[in-house]
Amino acid sequence: MCANTARNAPLNNGLKVLAVLGFPNSDGTTAKLLDSFLASLPVNAEVERYDCYKNSPAPCNDCRYCHYADGCAYPDLDNFYQNLENSDVLVFATPVYNLSFPAPLKALIDRMQRYWAARFIRGVRKPIKLKKQAFLITSCGSDSQKEGEMLEKQLKPVLTILNATLTESIHCAGADYNRPIEDCIKAAAKAAERLSQQ
Ligand SMILES: Cc1cc2nc3c(=O)[nH]c(=O)nc-3n(C[C@H](O)[C@H](O)[C@H](O)COP(=O)(O)O)c2cc1C
């Protein structure tokens, strides 16, 4: 391949982005914020989506299979785990439900327990080798940013066992009062654009 061809060839080692959809409304605020983020990713980004409502994960029942084995006793998340381990960027998009994550997303987060067990029960230094940047996008009904910040607090410890760091959060308040969301849409786009500048 000549140098010119090589320069113009599509990048096949693109930025792997895993988007975790924690919302049920495909045309709601959270969906719009996520769309804005995804539309502004670098051109070489490859996006996988995991829709927690369409593929509701079984809840973790603390069966402790992962205390002894590298994996989970339940196969429903096998594909998800593979995408998670191979991704460079994680983006969680979620409404606030009762100061927490909607139940299907909470179930998904609890199912990360296999990586906690790998690290702290089985002594694996880095259960997930590939370092990741994480983004959290939340929408809440009330006018308080604090609701989204509560989800941030819950997510951060889990991210550490996934070898991920929370790069940025976008908390969009006031959905139940139909507050304008343009600034949040722009903030979501800007967060994704910054990935091109690294
Ligand atoms: C079950 C349920 C619980 C909710 N709990 C909260 C809450 O604790 N705090 C809050 O500000 N809004 C709460 N809301 C409002 C949602 O956060 C709000 O409607 C959501 O951000 C809209 O996002 P969407 O348009 O993507 O569906 C709740 C809504 C539902 C359906």
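See the structure printed just above.
Residues numbered from 1 in each chain as written. Predicted model: local features only at pLDDT ≥ 70, side-chain atom pairs only at ≥ 80, totals over all residues.

S.K.: Help me understand the site of the ligand in this model?
M.R.: Close contacts around the ligand come from 18 residues, with Gly28, Thr30, Cys140, Gly141 and Ser142 the closest. When the residues that make up the shell around the ligand are grouped by side-chain class, the tally is 8 nonpolar, 8 polar and 2 charged. (Near = placed C-beta within 6 Å. Nonpolar A, V, L, I, M, F, W, Y, C, P; charged D, E, K, R; others polar.)

S.K.: Would you mind going over the environment of asparagine 55 with me for this structure?
M.R.: Counting through the fold element by element, asparagine 55 comes out in the loop between β2 (46-51) and α3 (78-86). Of the residues examined, asparagine 55 has 14 C-beta atoms within 10 Å and is grouped as partly exposed. For the pair asparagine 55 and proline 104, spaced 49 residues apart in the sequence, the C-alpha separation amounts to 8.5 Å. (Helix = DSSP H or I, 4+ residues; strand = E, 2+ residues; numbered from the N terminus. Buried ≥ 20, exposed ≤ 12 C-beta atoms within 10 Å, placed from the backbone.)

S.K.: What is the right way to look at the pairing of strand β5 (residues 164-172) in this model?
M.R.: Pairing of strand β4 (residues 132-139) with β5 involves 8 bridges; the strand directions are parallel. Paired with phenylalanine 135 across the strands is glutamate 168, a residue of β5. Between the parallel elements β4 and β5, the chain passes through helix α6 (residues 146-161) in a crossover that is right-handed. (Pairing = 2+ DSSP bridges. Right-handed = clockwise from strand over helix to strand, strands pointing away.)

S.K.: I tried to follow the pairing of β4 on my own but got confused; where do I start?
M.R.: Put simply, side chains in a regular strand alternate between the two faces of the sheet. The element β4 is largely enclosed, with a buried count of 8 among its 8 residues. Burial of the side chains of β4 extends over both faces: Lys132, Ala134, Leu136 and Thr138 are buried on one face and Gln133, Phe135, Ile137 and Ser139 on the other. Pairing between strand β3 (residues 89-95) and β4: 7 bridges, direction parallel. Bridging from a neighbouring strand, alanine 93 pairs with isoleucine 137 of β4.

S.K.: Explain the sheet that holds strand β1 (residues 16-21) to me, please; I cannot follow it from the model alone.
M.R.: The strands making up a sheet associate through hydrogen bonds between their backbones, and the pairing can be parallel or antiparallel. Spatial ordering of the open sheet is given by β2-β1-β3-β4-β5, a layout of 5 strands whose pairing is parallel. Of all strands in the sheet, those with a lone pairing partner are β2 and β5, marking the two edges. The average angle at which neighbouring strand axes cross in this sheet is 15°, direction not considered. Bridging between β1 and β2 involves 6 bridges; their strand directions are parallel. Counted as the bridge partner of valine 17 is valine 47 from β2. Along the sheet, α6 contacts β3, β4 and β5; its crossing angle with β5, the most-contacted strand, is approximately 165°. (Axes fitted to C-alpha atoms, helices over the stretch in contact; angles between N-to-C directions. Contact = placed C-beta atoms within 7 Å.)

S.K.: Help me understand the packing of helix α2 (residues 29-39) against helix α7 (residues 182-193), please; the structure alone is not making it clear to me.
M.R.: The description of two helices packed together rests on the angle between their axes and the distance between the axes. Look at α2 against α7: their axes get within 7 Å of each other, and the N-to-C directions meet at 35°. Along this stretch, α2 crosses α7, giving a crossing that reads as right-handed. Of the residues in α7, those touching α2 at Lys32, Leu33, Ser36 and Phe37 are Cys184, Ile185, Ala188, Ala189, Ala191 and Ala192. Partitioned by chemical class, the residues of the contact of α2 with α7 number 8 nonpolar, 1 polar and 1 charged. (Left-handed = near helix turned anticlockwise from the far one by under 90°.)

S.K.: Even after reading the chapter, I still don't get the nonpolar core, so can you show me in this structure?
M.R.: Soluble, globular proteins show a tendency: their nonpolar side chains are buried together. Residues Val20, Leu33, Phe37, Val91, Ala93 and Ile137 are the most contacted members of the largest nonpolar core, which totals 47 residues. Setting aside residues up to four positions removed in sequence, valine 91 forms contacts with Val17, Ala19, Val20, Phe37, Phe135 and Ile137. (Core = buried A, V, L, I, M, F, W, Y, C linked by C-beta atoms within 7 Å.)

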